[in-house]
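Chain and residue survey
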Amino acid sequence: MTRRRVSIVVPVYYNELNLPDTIPHLQSLADSLPGYELELVCVDDGSKDDSLALLRKFQEEAAGRMIVVKLTRNFGTMAALQAGLMEATGDCVGMISADLQDPPELFLDMVRHWEKGSKVILAVRADRDEPFSQRMFAHAYYAMVRRFALSGYPEGGFDFFLIDRQVVSDLNRINEKNTNLMSLIFWLGFEPIMLPYVRRRRTKGKSRWTLAKKVKLVVDSFIGFSYAPVRLMSVIGFVTAASAFAYAAYVFILWSARGVPVRGYAPIVMLIALTSGIQMLMLGVVGEYLWRMLDEVRRRPPYVVDWVRGPDGTALAPPSRIDDPATKSRS
């Protein structure tokens, strides 16, 4: 009887200090999953430290399945996840960060829920052992996502999950660029199981989750999953035009009915500056939409694979962006 397979995708970017703890910890899950074959899919997202060398070392020593994917450069976490999903061959596929801030043992509960028929199991952050500024940013971001983009989205957010092969196939077919993969999973509409946990503080290495990447995530989330930016522009334009019309009518009435002279350039300068600033803001929002449309029309891939090493260390062909990896015959 063929054993079912659980794949775990691990995006890796400057994690040389974390991997000696993370990889053995994940590999040890195989002992708690009798009847399953555990597959690790580690995607090096252009690391310039010793992360890739460590992955190759663990792969050579691994008793079970371990696939290493090397991207040509840093394409970002979402692209690395997409590359991992294309390579994963499991009946269900999980994702976890390489820094061990999320408890790998929770995969055991996720698999049990998957066995009962759930296709999307999310580990939702009930709290974070992180600095106050990071917690406030996260709370504000997820509150905005719930209000303006995806109603019912987990309040604490998630990037630690297990999904069924059907969901993986749907994500691979969608193949969006500049997207938020977690929001896309929720958007698919499968009824999720949510498992709360407390995200631990990072103990080793430096986080590469910079402010610029956080801003891009916010923009990608709202451009990709909400009409709110465009509708907000319409509201601002209407309010500005109505206010200008009302002010012009007020000045005209004062001049025609009461003979109040119209003097001074300060109000004119203020109105011009206000309307010009609003127009530039609107052009910026429209530009974000147009740039993403251009990026999709050009059909450049969201990432480029340098090479893939299979469980036995042999080179595998980079995955097709069309074929589902479930159809591949890989040992």
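Now for a description of the structure that goes with this document.

Criteria and thresholds
- Per chain, the residues get numbers from 1 upward, laid out in the order the sequence is written.
- Owing to the predicted nature of the model, reporting of local features is limited to residues with pLDDT of at least 70; listing and counting of side-chain atom pairs is limited to 80 or more, with chain, interface and lining totals taken over all residues.
- The side-chain numbers reported here are obtained from all heavy atoms of the structure, hydrogens and water having been left aside.
- Numbering goes from the N terminus for both helices and strands, where a helix is a DSSP run of H or I of at least four residues and a strand is a run of E of at least two.
- Whether two residues are in contact is decided by their heavy atoms, any of which lying within 4.5 Å being enough.
- Under the convention used here, a 1.4 Å probe and the Shrake-Rupley method define accessible areas, while residue burial counts only the protein chains that appear.
- His is not counted, nor are the chain ends, whereas Lys and Arg count as positive and Asp and Glu as negative.
- Positions of charges follow a simple convention, taking NZ of Lys, CZ of Arg, CG of Asp or CD of Glu.
- The residues that make up patches have over 30% relative accessible area and no salt bridge, and they are joined within 9 Å when like-charged or within 5 Å when they are Val, Leu, Ile, Met, Phe, Trp or Tyr.
- One side-chain nitrogen of Lys or Arg within 4 Å of one carboxyl oxygen of Asp or Glu is enough to make a salt bridge.
- A pair of cysteine sulfur atoms is labelled a disulfide when the two atoms are within 2.5 Å.
- Using a 1.4 Å probe on the protein chains alone, a residue whose accessible area is under 20% of its type maximum counts as buried, one over 50% counts as exposed, and one in between counts as partly exposed.
- Centres within 6.5 Å make a pair out of two Phe, Tyr or Trp rings, where for Trp the six-membered ring is used; the pair is then stacked when the planes are under 30 degrees apart, edge-to-face when over 60, and tilted otherwise.
- The axes are straight lines fitted to the C-alpha atoms, using for helices just the contacting stretch, and the angles between their N-to-C directions are given from 0 to 180°.
- Each angle gets one of four labels, with under 35 degrees taken as roughly parallel, over 145 as roughly antiparallel, 65 to 115 as roughly perpendicular, and the rest as oblique.
- Nonpolar residues are Ala, Val, Leu, Ile, Met, Phe, Trp, Tyr, Cys and Pro. Charged residues are Asp, Glu, Lys and Arg, and all others, Gly as well, are polar.
- Here a polar contact is recorded for every N or O atom pair within 3.5 Å, except that within protein the pair must consist of a potential hydrogen donor and a potential acceptor, and residues adjacent in sequence are included only if both atoms are side-chain atoms.
- Each crossing gets its hand from how the near helix is turned against the far one by less than a right angle, where anticlockwise is left-handed and clockwise is right-handed.

Section: the overall build of the protein chain
- Secondary structure assignment for the protein chain yields ten helices and nine strands.
- In terms of principal-axis extent, the alpha carbons of the protein chain reach across some 95 × 40 × 35 Å.
- Taking as baseline every contact in the protein chain between residues at least 6 positions apart, the subset at least 24 positions apart corresponds to 81%.
- Counting only carbon and sulfur atoms, one obtains 61% of the accessible surface of the protein chain, whose full area is about 17,500 Å².
- Taken together, the 41 basic and 35 acidic charged side chains of the protein chain have centroids lying 7 Å from each other.

What about a nonpolar patch on the surface?
- Taken together, the side chains of Leu232, Val235, Phe238 and Val239 make up a nonpolar region of the molecular surface, amounting to roughly 410 Å² of accessible area.
- Assignment of secondary structure puts Val235 in helix 9 (residues 228-257).

Points about unusual backbone geometry
- Residue Tyr14 is not a glycine yet carries a positive backbone phi of 55°.
- Of note, Leu100 is a non-glycine position whose phi angle comes to about 60°, a positive value.
- Assignment of secondary structure puts Leu100 in the loop between strand 4 (92-95) and helix 4 (106-115).

Structural notes on the state of the cysteines
- Here the structure, examined in full by the defined rule, presents zero disulfides.
- With no disulfide of its own, Cys42 lies 17 Å from the sulfur of Cys92, the closest cysteine sulfur.
- The class of Cys42 is buried, set by a relative accessible area of 0%.

What to know about the packing of aromatic side chains
- Counted by the stated rule, this structure contains nine aromatic pairs.
- Between Tyr153 and Phe186, the aromatic rings sit 5.2 Å apart at their centres with planes inclined by 65°, giving edge-to-face as the arrangement. With Tyr153 in the loop between helix 5 (132-149) and strand 6 (161-164) and Phe186 in helix 7 (residues 181-187), this pair connects stretches of sequence that are 33 residues apart. Summarising the burial analysis for this pair, Tyr153 and Phe186 share the class buried.
- Between the aromatic rings of Phe158 and Phe161, the centroid separation amounts to 6.3 Å while the plane-to-plane angle is 85°, which identifies the pairing as edge-to-face.
- Given the relative accessible area of 2%, Phe158 is considered buried.
- Through a chain of ring-to-ring contacts, three or more aromatic side chains come together here, namely Tyr141, Tyr142, Tyr153, Phe158, Phe161 and Phe186.

Section: the pattern of salt bridges
- Evaluation of the coordinates by the stated rule reveals twelve salt bridges.
- One salt bridge connects Glu115 with Arg112, and the closest N-O pair in it is separated by 3.6 Å. Within this pair, Glu115 and its partner Arg112 are both found in helix 4, separated by three residues, close to a single helical turn.
- Two residues, Asp170 and Arg173, come together in a salt bridge whose shortest N-O distance is 2.5 Å. Taken together, the residues Asp170 and Arg173, both in helix 6 (residues 165-174) and three residues apart, mark about one turn of the helix.

Some remarks on the packing of helix 5 against helix 8 (residues 211-225)
- Packing of helix 5 against helix 8 leaves a shortest axis separation of 10 Å and a crossing angle of 10°. On the basis of their axis angle, the class for helix 5 and helix 8 is roughly parallel. Two secondary-structure elements touch here, helix 5 through Gln134, Phe137, Tyr141, Met144, Val145, Phe148 and Ala149 and helix 8 through Lys214, Leu217, Val218, Ser221, Phe222 and Phe225.
- Class assignment of the residues belonging to the contact of helix 5 with helix 8 gives a composition of ten nonpolar, two polar and one charged.

Considerations on the environment of Asn15
- Mapped onto the elements, Asn15 comes out in the loop between strand 1 (4-12) and helix 1 (19-27).
- Each C-alpha atom of the pair Asn15 and Ser97 lies 9.9 Å from the other, and the pair is 82 residues apart in sequence.
- Aside from chain neighbours lying at most four places away, what touches Asn15 is Asp49, Ser51, Ala98 and Arg202.
- A distance of 2.9 Å separates a polar atom in the side chain of Asn15 from the backbone nitrogen of Tyr13.

Quick look at the packing of helix 1 against helix 2 (residues 51-61)
- Close contact between helix 1 and helix 2 brings their axes to 11 Å; oriented N to C, the two are set at 30°. As for how helix 1 packs across helix 2, the hand of that crossing is right-handed. Residue-level contacts link Leu19, Pro20, Ile23, Pro24 and Gln27 of helix 1 to Ser51, Leu54, Leu55 and Phe58 of helix 2.
- Taken together, the residues of the contact of helix 1 with helix 2 sort by class into seven nonpolar, two polar and no charged.

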